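The primary structure of each chain is shown beneath.
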Amino acid sequence: MSSDAVGTTSLNSSAHVEAARLRRGLSTLLRITRMNLRHSRLVAFAFGSTIVAAILQMLIPQLLGRAVDQTQMAIRGGVTGIAAEHALWTPALLLLAVGALRGLFTMAQNYFAEAVGHHVAYELRLACYDKIQRLSFSFHDQVHSGDLITLGMLDLDGVRMYFSTALVRVLLLTMLIGIGAYTMISTDLVLGVVALSFVPFVAWRSSVTQLRLRTTWLDLQERLSVLSRVMEENLAGIRVVRAFSAQAYEMPKFDRASKNALDLAHGQVDVYVPNTSAMTLSFFFALGLVLWIGCNRLIAGEIRVGTLTTFLAFMTILQMPVRQVGLMVNAFARASTCGSRIFGLLDQDITIRDAPGARPLEISGGTLRFDNVSFAYSGTGNSAVLKNITFEARRGETIAIVGPPGSGKSTMAHLIPRFYDVTGGTITFDGQDIRGVTLATLRKAIVVVQQDAFLFSTTIENNIAYGDPWAKEQRIERASESAQLHNYILGLPAGYETVVGERGASLSGGQRQRLTIARTMMLRPSIVVFDDSTAAIDAATEQRIGAAIRRLAKDRVTIIIAHRLSSLMHADKILFFDNGEIVERGTHQELLAKRGRYKALYDLQLRPGDDIAIAYRGAP
Amino acid sequence: MAKGHASELETEPNDEGRRPPRAVVGSHRIEEEMFGRAFDKNIIRRIWAFARPYRAMVVISVAALLIFIGTQLLIPLIIRYAIDHAMTPAGVDRSALLTAAGAFALAILGNFGASYTQETVVGKMALNVLFDIRRAMFGHLQKVSLSFMDKTEVGRLMSRLQGDVNSIHEFLETSVYSVGDIALLFGIVFVMLWLDFRLGLMTLSVLPALLIIRIVWLPRAREAFMAARETNSVVNGALAEAIHGVRTVQSMDRQQVNFILYDDKAHADLRAHLIAARYAQVMVPIVDGLTGLAMAVVIVAGGSMVMNARIDVGVLVAYLFYIQRFFDPIRSLTLQYSVMQRAMASGRRLTDVLDVKIEVQDKPDARVLSPEMDGSVEFRDVTFGYNPNQPVLRNISFRVNPGETVALVGPTGSGKSSAMALVHRFYDVQRGQVLIGGHDVRDLTQESLGRQIAMVLQEPFLFTGTVFENIRYHKTEATRDKVIEAAKAVGAHHFIMSLPNGYEARLGERGGNLSLGQRQLISFARALVADAKILVLDEATANIDSYSEMLIQNALRKLLEGRTGLVIAHRLATIRGADRIIVLQNGQVIETGNHDKLMAMGGLYSKLYNLNYASFDDIAEEKLDTPALAGFRT
């Protein structure tokens, strides 16, 4: 009894889930359809030409039939000679005209249908780009960049094809089958039904197969991506593979992934081939039946040869679009999944945005204050990454942050330009809560030099001027000089015009970092945060950059997060972070005198020894 | 080169000042030609070499294809026979009608069987060849020299292994269909001429017109298609850039500028696609018009022939059937031309990779290095350079005794890493000998040599999979206990257990969910499980935080126990722990000895040491330039 009840509810709920999914799918399709219909002129042209093209196409079999009949009648009636031959000209010219016109309208139908799709794709492309650029860090932390790229390429394509492969095709197919069925059945009921008999079978087979292929196709993509991961990891880690002489291990690994994908691909062949063959067979079977019955009727004098020709021609015309019913069904399914992914992105809330009535940041004294700030990433069960952080930094001051990995240093840096919003307390700049000022002015004033330097695929010059694309050459060179990069750049064959980034010349980690530092120096920010941005730079260069940073620090707040103590000893204030809290604070000398965590770290870095390690580890 | 490229990417400055002169989004360079010559004998031969194992399948599929085409040609003839012979003006010929019905049934069954066989065989054969080519390339890349791998981006190789093999696949599939198309075209022409030569000639007269139009159309259309493809990859590139660089974009507040620039590109893409669509569709009315023309010819000329009793009505009907078919092969043949061009371009890129010479190879009489060997490493007058004219190591000789730990020390570019690579025979020396356990590495099989040498690289590289799989790696016979024991020995057990699934925790891309120090510890454990006689390690330095360092130092000690160790050492702690220190400079050994001895010598080493840094990497170039050291720098 009770198990029954459970069974029913789960059944109900699964049906419920199914229904909900269907509803969601339909509402996605509706939304895409609405987007398409907004291009009303193009849509009207596309639909109009489709209707005309279908009608014209269905005229062809009748004209053919008439021509054949005319010939036969001429023979039967004994009318020969010039007059009879002239009678043939009418259907012939009509055929030519109808053929050419049908071609023109089909062209218009295809063109306008594609144009609608491309216009919708263009709009969606811009919308996605805009959204992606504006969504806050917490979104990008959670979403794999590869997924977003796929969304912008494949999913967009799925939606683009919707109008031409789904909507227009439905109209065309309805018109063709409708006109064909009407003409054939009204001409001869039995023959008409037989001629159309292949339509439902082929349409059904085609839909079932396409849907099945779609699932295996998604599966195949999955297996192929496993295969590419195996290959890519092997190639990227080729030194490890060689170091362990692991070729004998890697080849079978590749073979397994490869065979997995190949088997499924073979399976796909086994799904679609019998099916296309069966569809062809059923068409020919219907054709044979029409011929058999037709010939018998012909003999009985019930129909003429022309009628039979008309029927055969109708069937030939219908064959192709009916086979494509599956593709049409697939287009609907694809548009629905692709569309739901795209709308999923477009409907994301931008959590960090200008508050209503936000005002531009006004900079006066240049004082940054953290007041009892706490922070937790959303969806991590609220374990706080930062707790009760309070400190103040004035213009001209340099604040250094140290602490073990995961102590919340970078997180703190990201709160200042509002890449994330605090979950407790306030951050103010010159007395203004950063959540009350406009993002644009805030981020102009505060720049974080990121840990992993991202370079854009353009020239070095444009990369340095990224935040100030109007900048003059001299300023760019000055910035790169102070980042200790100028001489290196001049040594490159194309100098400042050298293209870097993904497809450009590869720079070493240190060079990339220096480039990002130069990029930051261009902006003249009021607060600059170096988020462990000198880790990949050798100590010598770092010292030289350090001098530049110090010069830069004169009229702004500088926050340096670093592991290497040598780069932060000169700071006005050092904050030691652990577990999201400030556990020690003071100047270098003060902290050394304290003989606490900072001192332990200092000793460790200067001259590692076991005794210190024990002392260090002793601290919780 | 870069200059012209960059200026072409920049936006025009006269655009209301909204488009800043230096702002660019995305970038696109046509890295490689998409189309080659349509026919390249050498490439075809190379591709055929891969199809050869399946030649029986090729023969079957071509045979089935011909049967398939034959039945397609036959069906209108059967209809014609039924109309003309079963229904003679004299009356009904029942037996002829039955013959026709029987023939029809046979034809459609033959058609079914042939299409089934042909499509299955071709589909599977092409897939097999695709996977075989990929395997051959992948296998080849496992053997080519590391300097080739260093020079070549992984992305580029991946596009060979994915994109290029796919266009070969496409080519193989379509080339069988091309055979079918040609057969069908000739078949239709033959049957039409055979039924009635004059009517056939008249109908076929529209063919040259179509052919000429297509020849004029094709290059222009292809240009439009390529333009659309290119603008598409430009917008996609710009989107990818926005996604990867979103943090920088937001922190530099470039959203608005970027959006305007992106709009330019997206709009150019829209325009290019609309133009391409126009080119694609313009052929539709031409083909339809010509089909209509051919039908009109058949009706007028054929009709009068029927009236003059020159031909039967059935012939007329058959003609109308053939006309509906005979434009198809021409249409698909011109499309296959592009497929062939693409395949040739891809084929050349593939053969380029397959032809990369394998430099380090086992000798035919290479011996297996016994696990019982003593574990000594010796360099005898070794000279080596990646480019033979620029030696990185010059005449180096040293010996590491079994069980000894030797630290290699020296400034960047002194040849430390190259010396390490030679121990494992990643490259062959130009002069001299590298001996492992007393054997020249060139006389040993690479496999057995590798088994006795474990290497830990500066950049720890982890594979997707669980922690357990990563530690065990190729030692598939290693038990779970052994893996845990190794992890405990290097001090990784503790943090592994704190991961959600312990040893079964799945690592993200490249172990992204672990810190660098943790990844390094796992790679230490991996080396320990490999259980080799000789351990070679490039001690990671700058990127490791001080907190992981203690753990790593302890792990090292454990790792080196009972093994011959060659360490590129950066940290003083490691260096001091070594039995012997070899100081390299400019590819030569300048000092050897233990810490105390070298300190007493008062050379480069003692100078470096006295600079009081935790790691030699932290020492600034300027400090090395002190007069006291000038003598060492040549």
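Fair warning: this is a prediction, and the values are worked out from it, not measured in the lab.

Caption draft 1: Representation of the overall build of chain B. A tally of regular secondary structure across chain B gives 23 helices and 14 strands. Within chain B, buried positions represent 58% of all 634 residues. Counting contacts in chain B only where the partners sit at least 6 residues apart, residues at least 24 apart contribute 76% of the total. Here chain B displays about 26400 Å² of accessible surface, and carbon together with sulfur accounts for 56% of that area.

Caption draft 2: The arrangement of the pattern of salt bridges in detail. Residue and element names in this part refer to chain B. Taken as a whole, this structure holds 41 salt bridges over all chains when the rule is applied. A salt bridge links Glu447 to Arg451; the nearest nitrogen and oxygen atoms lie 3.2 Å apart. With a gap of four residues between them, Glu447 and Arg451 both fall in helix H13 (residues 446-452), about one helical turn apart. Of the residues examined, Glu447 reaches a relative accessible area of 35% and is grouped as partly exposed. Between Arg563 and Asp531 there is a salt bridge whose closest N-O contact spans 3.3 Å. Of the two residues, Arg563 is situated in the loop between helix H18 (546-560) and strand E12 (564-568) and Asp531 in the loop between helix H17 (516-530) and strand E11 (534-538); the sequence distance between them amounts to 32 residues. The partly exposed category is assigned to Asp531, whose relative accessible area is 44%.

Caption draft 3: Geometry of the side chain of A:Asn462. Mapped onto the elements, A:Asn462 comes out in helix H14 (residues 460-464). A distance of 3.0 Å separates a polar atom in the side chain of A:Asn462 from a polar atom in the side chain of A:Thr458.

Caption draft 4: Representation of helix H12 (residues 416-423) of chain B. The element H12(B) is extensively covered by neighbouring structure, given that seven of its eight residues are classed as buried. A positive backbone phi angle near 55 degrees is found at B:Arg425, which sits one or two residues after H12(B).

Caption draft 5: Region of interest: the sheet that holds strand E7 (residues 439-440) of chain B. Residue and element names in this part refer to chain B. Pairing is antiparallel in the open sheet, where four strands are placed in the order E4-E3-E6-E7. Each edge of the sheet is formed by a strand with only one pairing partner; in this case those strands are strand E4 (393-400) and E7. The pairing of strand E3 (residues 377-384) with strand E6 (residues 431-436) spans five bridges and is classified as antiparallel. Within the sheet, the bridge partner assigned to Thr383 lies in E6 and is Arg431.

Caption draft 6: Region of the structure containing a nonpolar patch on the surface. Among the surface-exposed residues, A:Ile185, A:Leu189, A:Val190 and A:Val193 lie close enough to one another that they form a single nonpolar patch of about 320 Å² accessible area. Take A:Leu189: it is sitting in helix H6 (residues 189-196).

Caption draft 7: Region of the structure containing the interface of chain A and chain B. Opposite the 161 residues of chain A that make contact, chain B presents 158 residues. Taking both partners together, chain A and chain B bury about 14600 Å²; carbon and sulfur atoms supply 66% of that area. Considering only the side of chain A, the residues that lose the most area to chain B are A:Tyr129, A:Arg242 and A:Phe244, jointly responsible for 6% of the buried surface there. Here chain A is connected to chain B by seven salt bridges. The partner of A:Arg102 in a salt bridge is B:Asp288, with the nearest N and O atoms 2.5 Å apart. Joining chain A to chain B, the criterion identifies 31 residue pairs in polar contact (both at pLDDT 80 or more).

Caption draft 8: The packing of aromatic side chains, seen in detail. This structure, assessed with the given rule, holds 26 aromatic pairs over all chains. Measuring from ring centre to ring centre gives 3.8 Å for A:Tyr129 and B:Tyr262, while their planes differ by 5 degrees; the resulting arrangement is stacked. Taken together, the positions of A:Tyr129 in helix H3 (residues 82-134) and B:Tyr262 in helix H10 (residues 255-307) put the pair across two chains. The side chain of A:Lys253 reaches across the aromatic face of B:Phe463, ending 4.5 Å from its centre. B:Arg134 extends its terminal NZ or CZ atom over the ring of B:Phe131, reaching a point 4.8 Å from the ring centre.

Caption draft 9: Spatial organisation of H10(B). Over its 53 residues, H10(B) extends 77 Å from the first C-alpha to the last, a length consistent with the 78 Å expected when each residue adds 1.5 Å. Of all 53 residues in H10(B), 38 are buried, a share of seventy percent or more.

Caption draft 10: Highlighting the packing of helix H4 (residues 94-141) of chain B against helix H11 (residues 313-354) of chain B. All names here are of chain B. Where H4 meets H11, the closest approach of the two axes is 9 Å, and the angle between their N-to-C directions is 35 degrees. Mapping the contact onto sequence places Ile133, Ala136, Met137, His140 and Leu141 in H4 and Leu350, Val353 and Leu354 in H11. Tallied by class, residues from the contact of H4 with H11 come to seven nonpolar, one polar and no charged.

Caption draft 11: Representation of the sheet that holds strand E13 (residues 580-585) of chain B in the model. All names here are of chain B. Strand order in this open sheet of six strands is E8-E11-E12-E5-E13-E14, and the pairing throughout is mixed. The sheet is open, and its two borders are formed by strand E8 (453-456) and strand E14 (588-593), each paired with just one other strand. Between one strand axis and the next, the sheet turns by 20 degrees as a mean value, whatever way the strands run. Sheet topology places E11 next to E12; five bridges connect them, and they run parallel. What sits directly across from Val536, in E12, is Leu566. Sitting on the sheet, H12 is in contact with strand E5 (405-409), E8, E11, E12 and E13, with an inclination near 150 degrees to E12.

Caption draft 12: Looking closely at the environment of B:Met344. Residues and elements named next belong to chain B. Relative to the helices and strands, Met344 resides in helix H11. Taking relative accessible area as the criterion, Met344 reaches 2% and is therefore assigned buried. In this structure the C-alpha to C-alpha distance between Met344 and Ser167, which are 177 residues apart in sequence, comes to 8.9 Å.

Caption draft 13: Spotlight on the packing of helix H7 (residues 198-236) of chain A against helix H11 (residues 325-346) of chain A. Residues and elements named next belong to chain A. Interhelical geometry of H7 versus H11 gives an angle of 40 degrees and a closest axis separation of 7 Å. Relative to H11, H7 is oriented oblique. Two packed elements cross with a definite hand, and for H7 against H11 that hand is right-handed. Counted together, Ala203, Ser206, Ser207, Gln210, Leu211 and Arg214 of H7 and Val325, Gly326, Leu327, Val329, Asn330, Ala333, Arg334 and Thr337 of H11 form the full contact between these two elements. For the contact of H7 with H11, the residue count by class is six nonpolar, six polar and two charged.

Caption draft 14: Representation of the environment of A:Leu262 within the structure. Along the chain, A:Leu262 falls in helix H9 (residues 247-300). The buried category is assigned to A:Leu262, whose relative accessible area is 15%. Separated by 38 residues in the primary sequence, A:Leu262 and A:Leu224 have C-alpha atoms spaced 9.0 Å apart. When neighbours within four sequence positions are excluded, A:Leu262 is seen to be in contact with B:Leu127, B:Asn128 and B:Phe131.

Caption draft 15: Representation of the nonpolar core in the model. In this structure, B:Phe379, B:Ile471 and B:Leu566 are the most contacted members of the largest nonpolar core, which totals 141 residues. Beyond its immediate chain neighbours, meaning those up to four positions away, B:Phe379 contacts B:Ile396, B:Ser397, B:Phe398, B:Ala419, B:Leu422, B:Val423, B:Gln433 and B:Val434.

Caption draft 16: Representation of the confidence of the model for chain A within the structure. Residues and elements named next belong to chain A. Mean pLDDT for chain A: 84, with 90% of residues reaching 70 or above. A low-confidence stretch, residues 1-9 stays under pLDDT 50, and its non-local contacts, those more than four residues away or across chains, total zero contacts. Here residues 608-620 is a poorly scored stretch, pLDDT under 50, and it has 19 contacts once near neighbours within four places are set aside; other chains count.

Caption draft 17: A look at the confidence of the model for chain B. Residue and element names in this part refer to chain B. On average, residues of chain B score 82 in pLDDT, and 87% of them are at 70 or above. Confidence over residues 1-16 falls short of pLDDT 50; this stretch has 23 contacts with residues more than four positions distant or in other chains. Across residues 625-634 the pLDDT falls below 50, and counting only partners more than four positions away or on other chains, this stretch makes 15 contacts in the model.

Caption draft 18: Examining the pairing of E11(B) more closely. Residue and element names in this part refer to chain B. In terms of burial, E11 is a largely internal element, five of the five residues being buried. Of the two faces of E11, the one lined by Ile534, Val536 and Asp538 and the one lined by Leu535 and Leu537 are each fully buried. Across four bridges, E8 lies against E11 in parallel orientation. Looking across to E11, one finds that Ile453 is bridged to Ile534.

Here is what the cut-offs are and how they apply
Each residue is numbered by its place in its chain's sequence as written, counting from 1. Chain A is the first chain written and ligand 1 is the first ligand written, with later ones labelled in order. Under the rules for a predicted model, residues below a pLDDT of 70 receive no local features and side-chain atom pairs below 80 are neither given nor counted, while totals for whole chains, interfaces and linings still include all residues. Hydrogens and waters are ignored; side-chain quantities use all the structure's heavy atoms. Strands here mean DSSP runs of E at least two residues long; helices mean DSSP runs of H or I at least four residues long; both are numbered from the N terminus. Each residue is placed in one exposure class: buried if its accessible area under a 1.4 Å probe, protein chains only, is under 20% of its type's maximum, exposed if it is over 50%, and partly exposed if it falls in between. Two residues form a contact once any of their heavy atoms are found within 4.5 Å. Using the Shrake-Rupley algorithm and a 1.4 Å probe, accessible areas are obtained, with residue cover drawn only from the displayed protein chains. Any carboxyl oxygen of Asp or Glu within 4 Å of a side-chain nitrogen of Lys or Arg constitutes a salt bridge here. We call two N or O atoms a polar contact when they sit within 3.5 Å, provided that within protein one can donate a hydrogen and the other can accept it, with sequence-adjacent residues counted only if both atoms are side-chain atoms. In this analysis, strands are considered paired if DSSP registers two or more bridges between them. Patch members must show over 30% relative accessible area and no salt bridge, and they are joined within 9 Å when carrying like charges or within 5 Å when they are nonpolar side chains of Val, Leu, Ile, Met, Phe, Trp or Tyr. Once two parts are put together, the accessible area they lose, assessed with a 1.4 Å probe and summed over both, is termed the buried area. Centres within 6.5 Å are what make two rings of Phe, Tyr or Trp a pair, Trp counting through its six-membered ring; a difference in plane orientation under 30 degrees is then read as stacked, over 60 as edge-to-face, and the rest as tilted. Here, over-ring charges are defined by two tests on the NZ atom of lysine or the CZ atom of arginine: distance to the ring centre within 6 Å, and angle to the ring normal within 35 degrees. Between the first and last residue of a helix there are one fewer steps than residues, each counted as 1.5 Å, and that sum is the expected span. For helices, the fitted line uses only the C-alpha atoms of the stretch in contact; every axis is such a line through C-alpha atoms, and the angle between N-to-C directions lies from 0 to 180 degrees. The nonpolar class holds Ala, Val, Leu, Ile, Met, Phe, Trp, Tyr, Cys and Pro. Asp, Glu, Lys and Arg form the charged class, and all remaining residues, Gly among them, are polar. Angles are sorted into four bins: roughly parallel if under 35 degrees, roughly antiparallel if over 145, roughly perpendicular if 65 to 115, and oblique for all others. Each crossing gets its hand from how the near helix is turned against the far one by less than a right angle, where anticlockwise is left-handed and clockwise is right-handed. Take the buried Ala, Val, Leu, Ile, Met, Phe, Trp, Tyr and Cys residues and link them wherever side-chain atoms come within 4.5 Å; each set so joined is a nonpolar core. Values of pLDDT, the confidence the predictor places in each residue, fall between 0 and 100.

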